[in-house]
Amino acid sequence: MAGQPWQASRFAASLRRQLFRKHLGLVRPQDLQRPDANFEPVGVPNAYDWGSPEDNVVVDPLSDTFQSLWNTRARTNTEVYRKAFRAVPDDYVQTWNEYKEFYEYYFRHADAGAEGKDSQKTPPRVEYGHVVRDDFPGGAQELKELLSRVKGTLVEMPLCFLQSEWTTRRCEWSLTRLTDEDIAKEGLSLNALTEEIYT
């Protein structure tokens, strides 16, 4: 750990490394035609490829190389999901207007009908969980190429969602003003506990 010798049990070390590899997208695909010990039920020890290139990447989680890969994968995956699915919460959305432009306009019918200006409730422009067609003029091929950049399961934690001012590089909360947006708006259900927490 951190470049220094460190002893850990075989089980703990292999479990930690396997989990890190899974999150980083470094687990090799299993061949159904060639089952190994990992196909067996509980009671049969799993096989682990000690010393493989993928294993060597996760040996030291405190190394600069590991930290760089971890953060890069999380950032890349987050950017891909942002473009492909407009998932919220998202750090790029810091005001209600940005939320409507980024998400509601497509998925929650935030047009005139949703604002109560039209008595007819219009359906959302895009079905929830689908991509916005206009974002991909190259069609499905462009989307597939973008999604092929996703590796593993890591994404960045959206710490700045609906926070209208960036106070530091890590988006820590400002002591003078938490947000320019009133999150205790009509439509949000707050009880005595949540009102104290969020307002």
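Residues numbered from 1 in each chain as written. Predicted model: local features only at pLDDT ≥ 70, side-chain atom pairs only at ≥ 80, totals over all residues. Heavy atoms only, no water.

Draft legend 1. Looking closely at the overall build of the protein chain. Secondary structure assignment for the protein chain yields six helices and zero strands. Across the protein chain, helices and strands are ordered from the amino to the carboxyl terminus as α-α-α-α-α-α. Expressed as a percentage of its 199 residues, the buried residues of the protein chain come to 27%. For the protein chain, the proportion of contacts with a sequence separation of at least 24, taken over those separated by at least 6, is 57%. (Helix = DSSP H or I, 4+ residues; strand = E, 2+ residues; numbered from the N terminus. Buried < 20%, exposed > 50% of the residue type's maximum accessible area, 1.4 Å probe, protein only. Contact = heavy atoms within 4.5 Å.)

Draft legend 2. Representation of the pattern of salt bridges within the structure. Within the structure shown, the criterion is met by six salt bridges. Two residues, Asp-55 and Arg-17, come together in a salt bridge whose shortest N-O distance is 2.9 Å. Pair noted here: Asp-55 is in helix α2 (residues 53-57) and Arg-17 is in helix α1 (residues 10-24), with a separation of 38 residues, a long-range link. Assessed through its relative accessible area of 2%, Asp-55 is described here as buried. (Salt bridge = Lys/Arg side-chain N within 4 Å of Asp/Glu carboxyl O.)

Draft legend 3. Molecular detail of helix α4 (residues 96-107). Those residues of α4 lying buried are Trp-96, Tyr-99, Phe-102, Tyr-103, Tyr-106 and Phe-107. Looking at the buried positions of α4, the neighbouring elements they touch are α3 (64-85).

Draft legend 4. Just the layout of surface pockets, in detail. Size it by volume and the second largest pocket reaches roughly 650 Å³. Forming the boundary of the second largest pocket are 21 residues, of which Gln-18, Asn-38, Asn-46, Ala-47 and Tyr-48 lie nearest the centre. Partitioning the lining of the second largest pocket into residue classes produces nine nonpolar, five polar and seven charged. (1 Å grid on protein atoms, 1.4 Å probe; cavity = no way out; pocket = protein on both sides within 12 Å on 5 of 7 lines; lining within 4 Å. Points joined across faces, edges and corners; volume = space filled by probe spheres on them. Nonpolar A, V, L, I, M, F, W, Y, C, P; charged D, E, K, R; others polar.)

Draft legend 5. The nonpolar core, seen in detail. Counting 10 residues, the largest nonpolar core consists of Val-93, Trp-96, Tyr-99, Phe-102, Tyr-103, Tyr-106, Phe-107, Val-126, Val-132 and Leu-162. For Val-93, the residues in contact, after removing those within four places along its chain, are Glu-98, Tyr-99, Phe-102, Cys-160, Phe-161 and Leu-162. Of all hydrophobic cores here, the second largest spans eight residues; its members include Phe-20, Val-58, Phe-66 and Ala-74. (Core = buried A, V, L, I, M, F, W, Y, C linked by side-chain atoms within 4.5 Å.)

Draft legend 6. Region of interest: the packing of α1 against α3. Packing of α1 against α3 leaves a shortest axis separation of 10 Å and a crossing angle of 40 degrees. Classified by the angle between their axes, α1 and α3 sit oblique to one another. Contacts from Phe-20, His-23 and Leu-24 of α1 reach α3 at Phe-66, Leu-69, Trp-70 and Arg-73. Taken together, the residues of the contact of α1 with α3 break down into five nonpolar, one polar and one charged. (Axes fitted to C-alpha atoms, helices over the stretch in contact; angles between N-to-C directions. Parallel < 35°, antiparallel > 145°, perpendicular 65-115°, else oblique.)

Draft legend 7. Quick peek at the packing of aromatic side chains. Enumeration over the complete set of coordinates arrives at 10 aromatic pairs. Relative to Phe-66, the ring of Phe-20 lies with its centre 5.1 Å away and its plane at 45 degrees, an arrangement referred to as tilted. Highlighted residues: Phe-20 in helix α1 and Phe-66 in helix α3, separated in sequence by 46 residues. For the pair formed by Phe-20 and Phe-66, the shared burial category is buried. Relative to Phe-161, the ring of Tyr-99 has its centre 6.3 Å away and its plane inclined at 65 degrees; by these criteria the two rings are edge-to-face. Residue Tyr-99 is located in helix α4, and its partner Phe-161 is located in the loop between α5 (139-147) and α6 (192-198); the two are separated by 62 residues in the primary sequence. Through successive ring pairs, a cluster of aromatic residues spans Trp-96, Tyr-99, Tyr-103, Phe-107 and Phe-161. Cation over ring: Arg-82 sits above Tyr-92, and NZ or CZ is 3.7 Å from the ring centre. (Phe/Tyr/Trp six-rings, centres within 6.5 Å; stacked < 30°, edge-to-face > 60°. Lys NZ or Arg CZ within 6 Å of the ring centre and 35° of its normal.)

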